[in-house]
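As a plain string of letters, each chain reads:
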2 protein chains.
Amino acid sequence: MTDNVKSITIIGGGLVGSLCACFLAKRGYRIKLYESREDLRKAKHQRGRSINLALSHRGRRALRSVGLEDEVLQNAIPMKGRLLHDISGATKSVIYDEHTNQCIYSVSRNLLNGILLTAAEKFPNVEVFFQSKLINISVREGTCIISNMATNETFEVQSDLIIGADGAFSKVRRFLQQIPLFQFSQTYIDHGYLELSIPPCRGYLMTSNHLHIWPRGEFMMIALPNKDDSWTVTLFMSFRRFEELDDKEKMRKFFESTFPDAIELIGEEELEKQFFAAKPSHLVSIKCSPYHFQDRALVIGDAAHAMVPFYGQGMNCGFEDCTLLDELFETHADNFKVILEKFSSLRKDDAHAICDLAMYNFIEMRDLVTKPSFYVRKVLDNILFKMFPSTWIPLYNSVSFSSIRYTVCMNNRKWQNKIIITGLLIFFLVLSILFFLWRKF
Amino acid sequence: MTDNVKSITIIGGGLVGSLCACFLAKRGYRIKLYESREDLRKAKHQRGRSINLALSHRGRRALRSVGLEDEVLQNAIPMKGRLLHDISGATKSVIYDEHTNQCIYSVSRNLLNGILLTAAEKFPNVEVFFQSKLINISVREGTCIISNMATNETFEVQSDLIIGADGAFSKVRRFLQQIPLFQFSQTYIDHGYLELSIPPCRGYLMTSNHLHIWPRGEFMMIALPNKDDSWTVTLFMSFRRFEELDDKEKMRKFFESTFPDAIELIGEEELEKQFFAAKPSHLVSIKCSPYHFQDRALVIGDAAHAMVPFYGQGMNCGFEDCTLLDELFETHADNFKVILEKFSSLRKDDAHAICDLAMYNFIEMRDLVTKPSFYVRKVLDNILFKMFPSTWIPLYNSVSFSSIRYTVCMNNRKWQNKIIITGLLIFFLVLSILFFLWRKF
């Protein structure tokens, strides 16, 4: 390593920050990564965040680039489709990809984060600091003021580039936000989420290799499998409705009438305990632009585009940020100015598109999957996908099983909708004419 | 005054903050108002903000409530319509309100702010502090940390309610923004603005009692009259275009080809000096919700809903916030919790509507006013307004010359559009039938 090797400070040692460290370390930069919490590989308590995630194509591609895909997949559980639970407890399997059987993978957030941190630390040019909180930033000078939470010491870190991978409530972004022309929006949805758990002893009652959904129109519950045969259950519901269920009796009645089969799975006593153990958490969608300041600072992952979790793309999109960034470093070497500008201009529309698609998918998951029209569309999509595999790629497949830009996925859906509607109109018109002719002659 | 009189801290001594102090002082509260800048009545230099404003119905109504309307109008210049300058220098007057001749009023920001501050200070229960900057806030405890910029002293202020009237980049709002479920967006437009000035010696060349507009499609210039016969000119143009005009020659050519009559008015030498004296400023639109936190904190005015200036409603809407707040204090007395909740729920949709209308009016001012369809619509609107004065109120009139809720103004426009389109369709259909019959027989 020569002395003119550039230095990069990464704020945030979550999934995207630690993966980004691996990518940039491979390119030889001197990396310092600061994470405000303690090392999760040593922590006794899990954090309050969603504890499992759905890894799909874009995330796998990024992990492959840093040689971690196999290790992660060995610790993940494939989910080949949705398993829908109706109100009577009857279930129906809806496969994601009937052609090539591609799956999404349920993976533990902490396990994945641990693998990424360990991989980052193996690079001699990476230093990882825990319990080190960003206090202030001078983006123009490339200076971060960091506080060590254990010792209460505060120190200054100087680097050529600051990357904020510090999540939906990013402090790095908060500094960018004060610069004129920074577009920003944060939108909370009316729904919150509460995590519950099906214990390993009853996990065998669930059909494996599926993402389970209890769609109930205005609200829904989902379950993702864990390696120990337990399932992580998440109830998504309006805060108003959560507030209504303020005692055990009301809660039990609610579950009996809407998720009767889940009571048995979770266990009546456990359900009571878990339901009232924590308050429902908020869901926020964040859009901003640009993602950078000059050649000095950049935000990636949730810091740039937090989204509601309904497409399972939050992490995958953040990992794809790292892939794109790596491609730009490959093309433009040390020209940070060009790299950051291109990242902002290339990524903005795609990130906004997946934020919007994630909002849409909530309606699909909790409501549309219960409608016959959903299945008619699914059958049509499958037939057309089989006939024109490189042209007619259904929305879910292009988002989850390809690297097609999110904006293109969204636009494909739009023209596909137009063709289907036109096709149906022509079909019914021809049918009416035939019927008319048949009656006449 | 008894000891259980509640105390209110107002952050920001601009137009809305000082008016709000007057309203609440009348109700007997103990008011402390902190303004970060020095007292503008004593300041030598004017601030960089737009120096005149268009006062209309909503603003006048609020000023009337605190007994200041007459004093302000004596210092204002009525503008009865737009005077459009075309590229040849020819002008056309478009009157705002042909029925009742209502006007909007050009008023100096500093003069108005001075009147309001002086009025506020006259109340024995109001204390105004200048050069006193908000550093930190504990909304839950009702505590503000204020720094005196002259002495560098920092002190704590405790009160029952904190009102943030601290403008588009409100610090009070920044604290609210960290509370879950706070919806927020800031949108910068691609256009910036630059202030120029027509000196009193040439002001007589301008048709008085009008808001002058040079509409040029993608950009525009406007001029508002001042009491000393000078005019404040504002050029609104994309930043890209501003950047292109990077030397005197380019700038002169641009003015010669697009605003030839303005060169004479401003003066060639003055134009050169003024154009390059300052950088164009940004224009931001801010929406958020809710405007309050519990019974402890509230944002009003630009802090709650900064808008682009094209409807001349920024100040009027902020003043109307004070009217609404006063009505709520009248009905709910000291019940701050209810007052703040009602303010948020009543004001949100209206504020969002006027933010959107202000965006729309930019297109009308710079582009639509040059189209024949604009005049057809204006004539139709005038006829229908005359026929149904309480039902068919044209958009501009309802926004500028009434207290009709902004959402209602917007919805009126929608159904009026539908009726006009349907009417025109029927008209042309009948015309075609008549023509057909005439040809046939």
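The name an unreviewed UniProt entry gives chain A is Kynurenine 3-monooxygenase, with Cryptolaemus montrouzieri as the organism. Under the UniProt heading Sequence similarities (unreviewed entry), the entry covering chain A gives this text: "Belongs to the aromatic-ring hydroxylase family. KMO subfamily."

Considering the overall build of chain A
For chain A, the count of helices and strands is 16 helices and 20 strands. Against the 2.2 N^0.38 benchmark of 22 Å for 441 residues, chain A shows a C-alpha radius of gyration of 24 Å, consistent with a compact globule. Overall, the C-alpha framework of chain A stretches about 90 × 55 × 40 Å when taken along its three principal axes. Here chain A, with 441 residues, has 54% of them falling under the buried criterion. Counted over contacts in chain A with a minimum sequence separation of 6, partners at least 24 positions apart contribute 72%. Of the roughly 20,200 Å² that chain A leaves accessible, carbon and sulfur atoms contribute 55%. Charge-centre separation for chain A: the mean point of 53 positive side chains lies 5 Å from the mean point of 49 negative side chains.

Notes on unusual backbone geometry
All names here are of chain A. A cis amide bond links S289 to the next residue, P290, at an omega of -5°. Inspection of the secondary structure puts P290 in the loop between strand 18 (284-289) and strand 19 (292-293). Despite not being glycine, Q131 shows a phi value in the positive range, around 50°. Within the secondary structure layout, Q131 lies in the loop between strand 8 (126-129) and strand 9 (132-138). In this model, N209 sits at a positive phi of 55°, which is unusual for a non-glycine residue. Residue placement: N209 occurs in the loop between helix 6 (200-203) and strand 15 (210-215).

Some words on the environment of S93 of chain A
All names here are of chain A. Along the chain, S93 turns up in strand 6 (residues 91-95). As for S93 and L211, which are separated by 118 residues in sequence, their C-alpha atoms are 9.5 Å apart. Ignoring any residue separated from it by four or fewer positions in sequence, one finds S93 in contact with R82, L83 and H210. Within the structure, the side chain of S93 is placed 2.9 Å from the side chain of H210, a separation counted as a polar contact.

Let's talk about the packing of aromatic side chains
Under the definition given, this model contains 53 aromatic pairs over all chains. On the basis of an interplanar angle of 10° and a centroid distance of 4.9 Å, the ring pair of Y34 of chain A and F129 of chain A is categorised as stacked. One end of the pair, Y34 of chain A, is in strand 2 (residues 30-34); the other, F129 of chain A, is in strand 8, and 95 residues separate them in sequence. Residue F129 of chain A is classed as partly exposed on the basis of its relative accessible area, which comes to 27%. Connected via pairs of aromatic rings, a cluster forms that spans F219, F242, F254, F255, F259, F275 and F276 of chain A. Lying over the aromatic face of F336 of chain B, K6 of chain B brings its terminal NZ or CZ to 4.7 Å of the ring centre. Here R366 of chain B stacks its cationic end above the ring of F362 of chain B, 4.4 Å away from the centre of that ring.

As for a nonpolar patch on the surface
A cluster of nonpolar side chains, namely I426, L429, V430, I433, L434, F436, L437 and F441 of chain A, defines an oily patch on the protein surface of about 840 Å² accessible area. Its place among the elements puts L429 of chain A in helix 16 (residues 406-440).

A short note on the sheet that holds strand 6 (residues 91-95) of chain B
Residues and elements named next belong to chain B. The strand order across the open sheet built from 6 strands is 6-5-15-16-17-14, with neighbouring strands paired in mixed fashion. With partners counted over all chains shown, the strands left at the sheet margins are strand 6 and strand 14 (191-198), one partner each. Within the sheet, the average angular offset between the axes of one strand and its neighbour, ignoring direction, is 20°. Relative to strand 6, strand 5 (residues 81-85) runs antiparallel, the two sharing 5 bridges. If you follow L84 over to strand 6, its bridge partner there is K92. Contacts between helix 10 (residues 268-275) and the sheet are confined to strand 14 and strand 17 (231-238), with strand 14 contributing the most and set at about 145° to the helix.

Digging into the interface of chain B and chain A
Contact residues are listed per partner, giving 16 residues for chain B and 16 residues for chain A. In this assembly, chain B packs against chain A so that about 1,400 Å² is buried in total across both faces, 48% of it on carbon and sulfur atoms. It is L181, Q186 and Y188 of chain B in chain B that bury the most area against chain A; as a group they hold 39% of the surface buried on that side. Connecting chain B to chain A are 0 salt bridges.

Description of the side chain of H292 of chain A
If you trace the backbone, H292 of chain A turns up in strand 19. Apart from residues no more than four positions distant in its own chain, H292 of chain A is found in contact with A297, L298, L340, E341 and S344 of chain A.

Points about the side chain of Q186 of chain B
On the secondary structure map, Q186 of chain B appears in strand 13 (residues 183-188). Residue Q186 of chain B is classed as buried on the basis of its relative accessible area of 4%. Among the polar contacts listed, one links the side chain of Q186 of chain B to the backbone oxygen of Q177 of chain A, at a separation of 3.4 Å. Q186 of chain B has contacts with Q177, F182, Q183 and F184 of chain A together with V284, S285 and I286 of chain B, leaving out every residue within four places of it along the chain.

Some words on the relation of the copies chain B and chain A
Expressed as a screw operation, the relation of chain B to chain A combines 0.0 Å of axial shift with a rotation of 180°, fitting to an RMSD of 0.0 Å. Put plainly, the chains are arranged around a two-fold axis. Of every C-alpha in chain B, the one belonging to S185 of chain B sits nearest the axis of rotation, 1.9 Å from it. Interface overlap between copies is the fraction of interface residues in one copy that are interface residues in the other; for chain B against chain A it reaches 100%, indicating a shared surface.

Here's the deal with the pattern of salt bridges
All names here are of chain A. Throughout the structure, instances matching the rule amount to 52 salt bridges over all chains. Among the ionic pairs, R252 bridges to E256, the shortest N-O distance being 2.5 Å. Taken as a pair, R252 and E256 lie in helix 8 (residues 248-258) at a separation of 4 residues, close to a single helical turn. Take E256: its relative accessible area is 41%, and that puts it in the partly exposed class. What emerges from the salt-bridge pattern is a single network uniting D39, R41, K42 and E121.

Examining the nonpolar core
Soluble globular proteins tend to pack their nonpolar side chains together in the buried interior. Counting residues in hydrophobic clusters, the biggest one holds 159 residues, and the most contacted among them are F319 of chain A together with F319 of chain B. Contact partners of F319 of chain B, with chain neighbours within four places excluded, come to L15, V16, L19, G59, A62, L63, L112 and L116 of chain B. Counting residues in hydrophobic clusters, the runner-up holds 36 residues, among them M307, Y311, F362 and F374 of chain A.

Focus on the packing of helix 1 (residues 15-26) of chain A against helix 12 (residues 314-332) of chain A
Residues and elements named next belong to chain A. One way to put it is that helix 1 packs onto helix 12 with a least axis distance of 10 Å and a crossing angle of 20°. Looking at the two axes, helix 1 sits roughly parallel to helix 12. Of the two elements, helix 1 crosses helix 12, and the hand of that crossing is right-handed. Judged by residue contacts, L15, V16, L19, C20, F23 and L24 of helix 1 engage M315, G318, F319, C322, T323, L325, D326 and F329 from helix 12. Of the residues contributing to the contact of helix 1 with helix 12, the split by class is 11 nonpolar, 2 polar and 1 charged.

Remarks on the UniProt feature "transmembrane region" (unreviewed entry) in chain A
Under the feature "transmembrane region" (unreviewed entry), the UniProt entry names residues 6-25 and 419-438 of chain A. Secondary structure within residues 6-25 of chain A divides into 55% helix and 25% strand; the distance between the first and last C-alpha atoms comes to 11 Å.

Structural notes on the sheet that holds strand 17 (residues 231-238) of chain A
In any sheet, the strands associate via hydrogen bonds between backbone groups, in a parallel or an antiparallel arrangement. All names here are of chain A. An order of 6-5-15-16-17-14 is seen for the 6 strands of this open sheet, with the pairing classed as mixed. Among the strands making up the open sheet, the edge pair consists of strand 6 and strand 14 (191-198). Taken pair by pair, the neighbouring strands of this sheet meet at an average axis angle of 20°, ignoring direction. Across the face of the sheet, helix 10 (residues 268-275) comes into contact with strand 14 and strand 17 while running at roughly 145° to strand 14.

Rules used throughout
Residues numbered from 1 in each chain as written. Chains lettered and ligands numbered in written order. Predicted model: local features only at pLDDT ≥ 70, side-chain atom pairs only at ≥ 80, totals over all residues. Heavy atoms only, no water. UniProt positions renumbered as here; feature names shortened; annotations may be inferred. Helix = DSSP H or I, 4+ residues; strand = E, 2+ residues; numbered from the N terminus. Rg over C-alpha atoms; globule rule 2.2 N^0.38 Å. Buried < 20%, exposed > 50% of the residue type's maximum accessible area, 1.4 Å probe, protein only. Contact = heavy atoms within 4.5 Å. Areas by Shrake-Rupley, 256 points an atom, 1.4 Å probe, with all protein chains shown as cover. Lys, Arg positive; Asp, Glu negative; His and termini not counted. Charge placed at Lys NZ, Arg CZ, Asp CG, Glu CD. Polar contact = N/O pair within 3.5 Å; in protein donor to acceptor, adjacent residues only side chain to side chain. Phe/Tyr/Trp six-rings, centres within 6.5 Å; stacked < 30°, edge-to-face > 60°. Lys NZ or Arg CZ within 6 Å of the ring centre and 35° of its normal. Patch = residues over 30% accessible without salt bridge, like charges linked within 9 Å, V, L, I, M, F, W, Y side chains within 5 Å. Salt bridge = Lys/Arg side-chain N within 4 Å of Asp/Glu carboxyl O. Pairing = 2+ DSSP bridges. Axes fitted to C-alpha atoms, helices over the stretch in contact; angles between N-to-C directions. Buried area = accessible area lost by both parts, 1.4 Å probe. Least-squares fit on C-alpha atoms with pLDDT ≥ 70 in both. Core = buried A, V, L, I, M, F, W, Y, C linked by side-chain atoms within 4.5 Å. Parallel < 35°, antiparallel > 145°, perpendicular 65-115°, else oblique. Left-handed = near helix turned anticlockwise from the far one by under 90°. Nonpolar A, V, L, I, M, F, W, Y, C, P; charged D, E, K, R; others polar.

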